[in-house]
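Structural overview for review
Listed below are the residues making up each chain.
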Amino acid sequence: MTKNEFNLQLHDHSVSLQSFALNFTKDLEDANDLVQDTMLKAVTYYGKFKEGTNLKGWLFTIMKNTFINNYRRLVKTNALITQAEDISSANLHYSASKNASDSKFVMGDINKALATLQPEYYVPFIKYFEGYKYHEIAEMLNIPIGTVKTRIHVARQILKKYLKTYSKEILGADIV
């Protein structure tokens, strides 16, 4: 089989490769990339294809192996890079023990700032901080949802003002 005949047969299988790739990726753009990688590898390794064998099966095997290798590479990369949301408990412990004295002062200031809040601002803010949704807080406190939002906003403004020493110019992040 000539290289041109191989390329024509390769093109004939592109639709089935696209469907097969969607089974792996569940995303059209990623599937297109996978098909492109598969076709590139097929053209690159054209000399390794044995005429008379199943070209479609060969292409599907290339695609499956490409997807698996890309997935493994992605897992390794993500394992090496610590995401801000995914800090391990070991890293948290190291950070907490290394900065224990600083943390003690910061927590003291945060607690003092919280103590300055009047109860009508403190309670909704703490509930929100604990993970409750606005409508849940409104039901618990039997007040309108707009009032809940306003009180949380006011509490945040008071805390920001009280804790301005810890603003992003100093620490590089918002505290509140």
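Look a little higher up for the structure.
First, a word on what this report is: a plain description of the structure on this page. Remember, it's a predicted structure, so these values are computed and weren't measured experimentally. (Residues numbered from 1 in each chain as written. Predicted model: local features only at pLDDT ≥ 70, side-chain atom pairs only at ≥ 80, totals over all residues. Heavy atoms only, no water.)

Observations concerning the packing of helix α2 (residues 14-25) against helix α3 (residues 28-44)
At their nearest, the axes of α2 and α3 sit 8 Å apart, and the two run at 125° to each other. The orientation of α2 relative to α3 falls into the category oblique. Every pair of crossing elements has a handedness; the one defined by α2 and α3 is right-handed. Facing Ser 14, Leu 17, Gln 18, Ala 21, Leu 22, Phe 24 and Thr 25 of α2, the residues of α3 in contact are Leu 28, Asp 30, Ala 31, Asn 32, Leu 34, Val 35, Thr 38 and Met 39. The residue makeup of the contact of α2 with α3, split by class, is nine nonpolar, five polar and one charged. (Axes fitted to C-alpha atoms, helices over the stretch in contact; angles between N-to-C directions. Helix = DSSP H or I, 4+ residues; strand = E, 2+ residues; numbered from the N terminus. Parallel < 35°, antiparallel > 145°, perpendicular 65-115°, else oblique. Left-handed = near helix turned anticlockwise from the far one by under 90°. Contact = heavy atoms within 4.5 Å. Nonpolar A, V, L, I, M, F, W, Y, C, P; charged D, E, K, R; others polar.)

Observations concerning α3
Along its 17 residues, α3 runs 24 Å from first to last C-alpha, staying within 8% of the 24 Å computed at 1.5 Å per residue. Taken together, the buried positions of α3 are occupied by Ala 31, Leu 34, Val 35, Thr 38, Met 39 and Ala 42. Along the long axis of α3, the arc covered by the buried residues comes to 130°, so they all point the same way. Facing away from the buried side of α3 by over 90 degrees, the exposed positions are Glu 29, Gln 36, Leu 40 and Thr 44. (Expected span 1.5 Å × (residues − 1). Buried < 20%, exposed > 50% of the residue type's maximum accessible area, 1.4 Å probe, protein only. Arc of directions from axis to C-beta.)

Considering the packing of helix α7 (residues 119-129) against helix α9 (residues 145-162)
Between α7 and α9, whose axes approach to 8 Å, the crossing angle comes to 95°. What the angle tells us is that α7 and α9 run roughly perpendicular. Taking contact as the criterion, the partners of Glu 120, Tyr 121, Pro 124, Phe 125 and Tyr 128 in α7 are, on α9, Arg 151, Ile 152, Val 154, Ala 155, Arg 156 and Leu 159. In terms of residue class, the contact of α7 with α9 is built from eight nonpolar, no polar and three charged.

Function cannot be read off these values alone, since they describe shape.
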